[in-house]
Amino acid sequence: MKRVLVALALVTMGSSAILAAIAGPAGAAASVSPVLECSWKDDSGDSRSLFGYNNKESTPVDVPIGSLNKFSGTPGTDAGQPTTFEPGRHVGVFVVTHTGTIVWSLTGRTSTAPGKACDNPPLPASAAGIQGLLVVGVVSLVLIGLGGWFTARRRRLRDATR
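Keep in mind that what you see is a predicted model, and the values were worked out from it rather than measured.

A. Local environment of the overall build of the chain. Looking only at helices and strands, the chain has two helices and seven strands in total. Listed by position from the N terminus, the elements making up the chain come as α-β-β-β-β-β-β-β-α. Out of the 162 residues belonging to the chain, those deemed buried represent 26%. Put simply, of all contacts in the chain between residues at least 6 apart along the chain, 62% involve residues at least 24 apart. Counting only carbon and sulfur atoms, one obtains 63% of the accessible surface of the chain, whose full area is about 10500 Å².

What follows is the structure in structure tokens.
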């Protein structure tokens, strides 16, 4: 009888661990929701929509492209949406160029575009980061150029005094 109780306890603990492992990611994923920030038409007449998300968990949640993380409508299932969702509210994460209505389905929640018009068409965080890198790159090139010019001038002045 004692062996039966020990075996039953082990089976119960094992099944609890398996259920927790199964429920963990799904439960965490359920706390992630899509957010449409705003929509606009660009100069060529294409519709663009800026999306973000909210992750209520205290840790990142992975939701791969598929049935729990997909777009319907044009451009299709994978519209460049993230698959790792950091904790908190993230504004302006990515832009989707589309025709007609699109729906981002994320963990059973949806966000439909086009939606609220943007006051000013924004840059997503990734584009703003690229823009910042371009500015740093240009400034660096200017400083390198100035450094070379000063070095050459100093050499000319030194050579002229000899």
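B. The arrangement of the state of the cysteines in detail. A complete count under the given rule lists one disulfide for this structure. Each sulfur of the disulfide joining Cys38 and Cys118 lies 1.8 Å from the other. Linking Cys38 and Cys118, the disulfide has an S-S dihedral of approximately 90 degrees and is accordingly described as right-handed. Of this pair, Cys38 sits in strand S1 (residues 32–41) while Cys118 sits in the loop between strand S7 (109–113) and helix H2 (125–160), placing them 80 residues apart in sequence. With relative accessibility at 14%, the residue Cys118 sits in the buried group.

C. Structural detail: the nonpolar core. Counting residues in hydrophobic clusters, the biggest one holds 16 residues, and the most contacted among them are Phe51, Phe71, Phe85, Val96 and Trp104. Where this core is concerned, the elements lending two or more residues are S1, strand S2 (47–55) and strand S6 (88–106). In terms of residue count, S6 provides more of this core than any other element does, five residues in total. Discounting chain neighbours no more than four positions away, the residues touching Val96 are Ser47, Arg48, Ser49, Phe51, Phe71, Pro75, Ala79 and Ile102.

D. Spatial organisation of the pairing of S2. Among the nine residues in S2, seven count as buried, and that is most of the element. Inspection of the sheet shows S1 paired to S2 by nine bridges, in the antiparallel sense. Looking at the pairing, Leu36 lines up with Phe51 of S2. Between S1 and S2, which pair antiparallel and follow one another directly, the connecting turn spans five residues, one of which, Gly45, has a positive phi of 90 degrees. Note: S2 against S6, eight bridges, orientation antiparallel. By the bridge assignment, Ser47 is partnered in S6 with His98.

E. Spatial organisation of the packing of aromatic side chains. One pass over the full model with this rule turns up eight aromatic pairs. Ring centres 5.4 Å apart and planes at 80 degrees place the aromatic pair Phe51 and Phe71 in the edge-to-face group. With a gap of 20 residues between them, Phe51 in strand S2 and Phe71 in strand S4 (residues 69–74) connect regions that are remote in the sequence. Taking relative accessible area as the criterion, Phe51 reaches 0% and is therefore assigned buried. A ring pair is formed by Phe71 and Trp104, whose centres lie 5.7 Å apart and whose planes are at 5 degrees; its orientation type is stacked. Residue Phe71 is located in strand S4, and its partner Trp104 is located in strand S6; the two are separated by 33 residues in the primary sequence. Its relative accessible area of 3% is what places Phe71 among the buried residues.

F. Quick peek at the environment of Ser44. Mapped onto the elements of the fold, Ser44 is located in the loop between S1 and S2. Looking at Ser44, the relative accessible area reads 57%, which means it is exposed. Of note is the side chain of Ser44, whose polar atom sits 2.8 Å from the side chain of Asp42.

Calculation notes
- Residues numbered from 1 in each chain as written.
- Predicted model: local features only at pLDDT ≥ 70, side-chain atom pairs only at ≥ 80, totals over all residues.
- Heavy atoms only, no water.
- Helix = DSSP H or I, 4+ residues; strand = E, 2+ residues; numbered from the N terminus.
- Buried < 20%, exposed > 50% of the residue type's maximum accessible area, 1.4 Å probe, protein only.
- Contact = heavy atoms within 4.5 Å.
- Areas by Shrake-Rupley, 256 points an atom, 1.4 Å probe, with all protein chains shown as cover.
- Disulfide = S-S within 2.5 Å.
- Core = buried A, V, L, I, M, F, W, Y, C linked by side-chain atoms within 4.5 Å.
- Pairing = 2+ DSSP bridges.
- Phe/Tyr/Trp six-rings, centres within 6.5 Å; stacked < 30°, edge-to-face > 60°.
- Polar contact = N/O pair within 3.5 Å; in protein donor to acceptor, adjacent residues only side chain to side chain.

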